[in-house]
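# Observations on the three-dimensional arrangement
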Amino acid sequence: SEDWKYEKDYLYEQRDNFIHTHGNLSVKEIRVTGNSKTRERTIFSEIHSVPGTLLSEFDCYHTVNNLKKKNIFSSIELKYLHSENHVIIEIHIVEKWSIIPIPLFTSNGNKLSAGLYVLETNFLGFGTTIFTGGSISTAGNSVIFGFVDPALFGTDARLNIFFSYKKYIYETGNMKKELFNEYRSTGRLARIDAGWSFPGGINAYFSAGYRENLTDKAYSASYNAPDTAKILPVGILLTIDRLYHYEYLYYGFKLDSGLYHGFNFYDDGDYNYGQYNAQYSLKLFSYHKLTLHSSGAYGDRPEIMGERLSGKKGSMTLPADIIASDRWINYATIYEYPLLRLSWGAVTMLAFWEQGLFGSGEINPEHYYGPGCGMLLYLKKIALPAMGFNLGHNIKTDGTEFSFYVGMSI
């Protein structure tokens, strides 16, 4: 394992050893080597030091962690070179393969789905992510496009753009898989988040967009179908990212949260909606990882826009696809064990316990809880988020659920 290269004590020790030998010299140059695609300004946007300052003022740990967090470099190393009573800081990086096709095939009961997605995490060398793709299935078809720039033009400005189209047959029910309705809906979403980065890993956004979900009245098997909804959601998003990255795993605190007001274009009644997703991960012996997770939401969005909960942290034990809710809270404890460390990546095993509560509208809230396990695969030289699967056992219903994901639930 090369995790030691990213340890705080090691990085500060390397810097301080140079200072002890040569003195606290001023920085003559910060030099980047090894990059063939990534633009230097993308790298320098994460280095909060400039030539002329003393070496002791160079925060080597946060520089390496910020670069590691981008997930486009498989290796980051610092060297300090003595040069005429000055010091040259050399940052040597090894870039990952960042253009990734992701074929997808899933089976869930009587539904089959196949698709192809393309992810580019270092678009034009700016560390910008773009993704697009689509899928076809026995329940419908979907297309998505996204653009995520965490440092727009090398500044602290941030920009996210998302578009999606989905025509799909939905079923809604309870944990026992007793169905309340079935309907076909055409959904369209366009959303822009414009934000700014602040010290301490704090990011704030203003978000606006348009979303519509149209009930297909021509669908012959439809019953108890919810009404069509056309919404303009406007809100404020706040994220706090205090994660510290090592070779594969990361530790620390992260929060994603948002408050929205939805202007209803199709019917009377606007709505308010809030949601959060928080986790805190502890680094244990030999880089084992213990994560405390919680997420929740509260609102009264139109029924057709209820969140599908299964297959995510805190709701792995819920049956796939059929649970829809706008009011939920859950908690999970997750233990991740590094099983195999190989030259091309790592395999980890998961064990978790989760419990939660969800409801919607006039439906009585349902409580669930249960254990689960899973496996994750991390690739060293490919800029792909961890991919893997989970099995969760719902003690309340005695049902076992399977989920697969690549960086996020699919």
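Scoring rules and cut-offs
- One numbering rule holds for all chains: residues counted from 1, following each sequence as written.
- Totals for whole chains, interfaces and linings use every residue, but because this is a predicted model, local features are given only for residues with pLDDT of at least 70 and side-chain atom pairs only at 80 or more, for both listing and counting.
- Side-chain metrics rest on all non-hydrogen atoms present in the structure, leaving aside hydrogens and water.
- When two rings of Phe, Tyr or Trp (its six-membered ring) have centres within 6.5 Å they constitute a pair, described as stacked for plane angles under 30 degrees, edge-to-face for angles over 60, and tilted for the intermediate range.
- Relative accessibility under 20% of the residue-type maximum defines a buried residue, over 50% an exposed one, and the middle range a partly exposed one, all with a 1.4 Å probe and only protein chains included.
- Throughout this description, the term charge over a ring refers to an Arg CZ or Lys NZ atom that lies within 6 Å of the ring centre and within 35 degrees of the ring normal.
- Starting at the N terminus, helices and strands are each numbered in turn, a helix being any DSSP run of H or I of at least four residues and a strand any DSSP run of E of at least two.
- The contact criterion used is simple: two residues touch if any of their non-hydrogen atoms lie within 4.5 Å.
- We define a polar contact as two N or O atoms separated by no more than 3.5 Å, with the added condition that, inside protein, one atom must be a possible hydrogen donor and the other a possible acceptor, whereas residues neighbouring each other in sequence contribute only through side-chain atom pairs.
- A helix is expected to span 1.5 Å for every residue after the first.
- Throughout, the arc means that of the directions going from the helix axis to the C-beta atoms.
- Values of pLDDT, which run from 0 to 100, indicate the predictor's confidence residue by residue.
- Nonpolar side chains (Val, Leu, Ile, Met, Phe, Trp, Tyr) within 5 Å and like charges within 9 Å form the patches, drawn only from residues with over 30% relative accessible area and no salt bridge.
- Using a 1.4 Å probe, the Shrake-Rupley method yields the accessible areas, and only the shown protein chains count as cover for residues.
- By salt bridge we mean one thing: a side-chain nitrogen of Lys or Arg within 4 Å of a carboxyl oxygen of Asp or Glu.
- Positive: Lys, Arg. Negative: Asp, Glu. His and the chain ends are not part of the count.
- Where a charge lies is defined by one atom per residue type, namely NZ (Lys), CZ (Arg), CG (Asp) and CD (Glu).
- Nonpolar cores were defined as sets of buried Ala, Val, Leu, Ile, Met, Phe, Trp, Tyr and Cys residues, with membership established by side-chain atoms within 4.5 Å.
- For two strands to pair, DSSP has to find at least two bridges joining them.
- In this description, a line fitted to the C-alpha atoms serves as the axis of each element, helices being fitted only across the stretch in contact, and the angle between N-to-C directions of two axes falls anywhere from 0 to 180 degrees.
- Note that the term roughly parallel is reserved for angles under 35 degrees, roughly antiparallel for angles over 145, roughly perpendicular for angles of 65 to 115, and oblique for everything else.
- Left-handed describes a crossing whose near helix is turned anticlockwise from the far helix by less than a right angle; the clockwise case is right-handed.

## Looking at the packing of aromatic side chains
- The tally for this structure, following the rule as stated, stands at 16 aromatic pairs.
- Taking 5.1 Å as the distance between ring centres and 85° as the angle between the ring planes, the aromatic pair formed by tryptophan 4 and tyrosine 10 counts as edge-to-face.
- For tryptophan 4, a relative accessible area of 43% corresponds to the partly exposed category.
- Members of the aromatic cluster, each reached through a chain of ring pairs, are Tyr12, Tyr61 and Tyr244.
- The ring of tyrosine 250 has lysine 289 lying over it, and the distance from NZ or CZ to the ring centre is 3.6 Å.
- Stacked on the ring of tyrosine 273, the Lys or Arg arginine 301 has its end atom at 4.0 Å from the ring centre.

## A word on the environment of threonine 42
- Note that threonine 42 resides in helix α2 (residues 40-44).
- You can call threonine 42 buried: its relative accessible area is 5%.
- Between the C-alpha atom of threonine 42 and that of glycine 154, which follows or precedes it by 112 residues, the distance is 6.2 Å.
- Contacts of threonine 42, omitting those with residues within four sequence positions, involve Lys70, Gly125, Phe126 and Gly127.
- For threonine 42, the side chain forms a polar contact with the main-chain oxygen of glycine 125, separated by 2.9 Å.

## A look at helix α1 (residues 8-22)
- For α1, spanning 15 residues, the distance from its first C-alpha to its last is 22 Å, which sits close to the expected 21 Å at 1.5 Å a residue.
- Within α1, burial applies to Leu11, Tyr12, Arg15, Phe18 and Ile19. Down the axis, α1 shows its buried residues gathered within 120° of arc, on one side only. Set apart from the buried face of α1 by more than 90 degrees, the exposed residues are Asp9, His20 and Thr21.
- Where α1 is buried, its residues touch α3 (60-69), β2 (73-83) and β3 (86-95).
- Phi turns positive, to about 100°, at glycine 23, one or two residues after α1.

## Observations concerning the confidence of the model for the protein chain
- Chain-level pLDDT for the protein chain is 91 on average; 97% of the residues reach the 70-or-more range.
- Across the protein chain, the element-wise mean pLDDT spans from 78 in strand β4 (residues 99-108) up to 97 in strand β10 (residues 202-215).

## Notes on α3
- Here α3 lies mainly inside the structure; eight of its ten residues are buried.
- All of the buried residues along α3 are Cys60, Tyr61, Thr63, Val64, Asn65, Asn66, Leu67 and Lys68.
- Those residues of α3 that are buried are in contact with α1, α2, β2, β3 and β11 (229-245).
- One or two residues past the end of α3 sits asparagine 71, with phi positive at roughly 60°.

## Some words on a nonpolar patch on the surface
- On the surface, a nonpolar cluster with roughly 460 Å² of combined accessible area is contributed by Tyr337, Leu339, Leu340, Leu342 and Trp344.
- Looking at leucine 342, the relative accessible area reads 36%, which means it is partly exposed.

## Focus on a negative patch on the surface
- Taken together, the side chains of Asp227, Asp267, Asp268 and Glu303 make up a negatively charged region of the molecular surface.
- For glutamate 303, the location among the structural elements is in the loop between β14 (289-299) and β15 (307-308).

## Observations concerning the nonpolar core
- Core analysis: the biggest nonpolar cluster contains 40 residues, and Leu55, Phe58, Ile76, Leu78, Tyr80, Ile89 and Ile91 have the highest contact counts within it.
- Those residues within four positions of leucine 55 in sequence are excluded, and the remaining contacts are Arg15, Phe18, Ile19, Asn24, Leu25, Val27, Tyr80, Val87 and Ile89.
- Within the second largest apolar cluster, 21 residues are counted, among which are Tyr170, Met175, Leu309 and Tyr368.

## Brief notes about the sheet that holds β2
- In spatial order, the strands read β1-β3-β2; together these three strands make up an open sheet with mixed pairing. With partners counted over all chains shown, the strands left at the sheet margins are β1 (26-33) and β2, one partner each. With strand direction ignored, the average angle separating the axes of adjacent strands in the sheet is 15°.
- In this structure, β2 lies alongside β3, joined through ten bridges in antiparallel fashion. Residue pairing across strands places serine 83 opposite histidine 86, the latter belonging to β3.
- Where α1 meets the sheet, it contacts β2 and β3, and its direction lies at approximately 10° from that of β2.
- Contacts from α3 reach β2 and β3 within the one sheet, and its direction differs from that of β2 by about 150°.

## Concerning the packing of α1 against α3
- At a minimum axis separation of 8 Å, α1 and α3 run at an interaxial angle of 125°. The orientation of α1 with respect to α3, classified from their angle, is oblique. Crossing angle aside, the handedness with which α1 passes α3 is right-handed. Between α1 and α3, the residues in contact are Lys8, Leu11, Tyr12 and Arg15 and Cys60, Tyr61, His62 and Val64, respectively.

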